[in-house]
Amino acid sequence: FERNKAPLSQILTQEEWEMVFISAPEAATIVLSAWCEAAKPDIPFACVGEKTRNILLDAGIATAYPPSFSHPPSSGKELISRLPGPQTSGRVLLPVSARARGDTEDRLRARGYSVERIDT
């Protein structure tokens with residue numbers, strides 16, 4: 001969970017993030033722990049899947065993306081297609097398994113976002 005020797009809790013607060021994009025329950029749990037360590041910074045979260053969203057909601061994080069969907073998209077591809085494109089910094093923090101392919105990163109970049117992948 002380190003980038004340039006910085007723990008994830010510091011990464012969450014040292015950068016201006018457009019959003020944290022969470023595509024799996026395991027990543028949600030890891031980021032949630034770091035988010036609490038970082039004193040719960042005000043960062044928009046995007047999530048894929050009902051289970052992932054419920055982990056965040058149970059911790060008191062209302063996901064900004066998707067803002068008005070009754071059910072969160074079940075795939076990263078679907079969610080990315082619904083994102084409005086960069087609105088602020090354009091920087092997206094993407095915590096994923098070290099085994100994850102780069103599809104999500106590529107799709108976010110194609111939409112104009114700058115992606116910082118963190119292998120969890």
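Everything here concerns the structure above.
Here's what I pulled together on the structure shown here. (Residues numbered from 1 in each chain as written. Predicted model: local features only at pLDDT ≥ 70, side-chain atom pairs only at ≥ 80, totals over all residues. Heavy atoms only, no water.)

Okay, helix α5 (residues 103-110) next. Taken residue by residue, α5 has Thr104, Glu105 and Leu108 as its buried positions. The buried residues of α5 occupy one face: seen down the axis, they fall within an arc of 100°. As for α5, its buried residues are in contact with β3 (19-22), α4 (76-82), β5 (91-96) and β6 (114-119). (Buried < 20%, exposed > 50% of the residue type's maximum accessible area, 1.4 Å probe, protein only. Helix = DSSP H or I, 4+ residues; strand = E, 2+ residues; numbered from the N terminus. Arc of directions from axis to C-beta. Contact = heavy atoms within 4.5 Å.)

In spatial order, the strands read β4-β3-β5-β6; together these four strands make up an open sheet with parallel pairing. Two strands in the sheet have a free side with no partner beyond their single neighbour: β4 (45-47) and β6. Each neighbouring strand pair of the sheet contributes to a mean axis angle of 25°, computed without reference to strand direction. Against the sheet, helix α2 (residues 25-37) makes contact with β3, β4 and β5, and its axis sits at roughly 150° relative to β3, the strand it touches most. (Pairing = 2+ DSSP bridges. Axes fitted to C-alpha atoms, helices over the stretch in contact; angles between N-to-C directions.)

This part takes up the environment of Pro86. Examined against the element boundaries, Pro86 turns out to sit in the loop between α4 and β5. On the basis of relative accessibility, which here comes to 35%, the residue Pro86 falls in the partly exposed class. Placed 22 residues apart in sequence, Pro86 and Leu108 show a C-alpha to C-alpha distance of 9.8 Å. In this structure, Pro86 is in contact with Glu18, Arg111, Gly112 and Tyr113, ignoring residues within four places of it in sequence.

Now for the pairing of β5. Buried residues dominate β5, accounting for five of its six residues. Taken together, the two bridges between β3 and β5 define a ladder with parallel strand orientation. Bridge pairing in β5 places Met19 opposite Val92. As paired strands, β5 and β6 are joined by six bridges and run parallel to one another. Across the sheet, the residue bridging to Val92 is Val115, located in β6.

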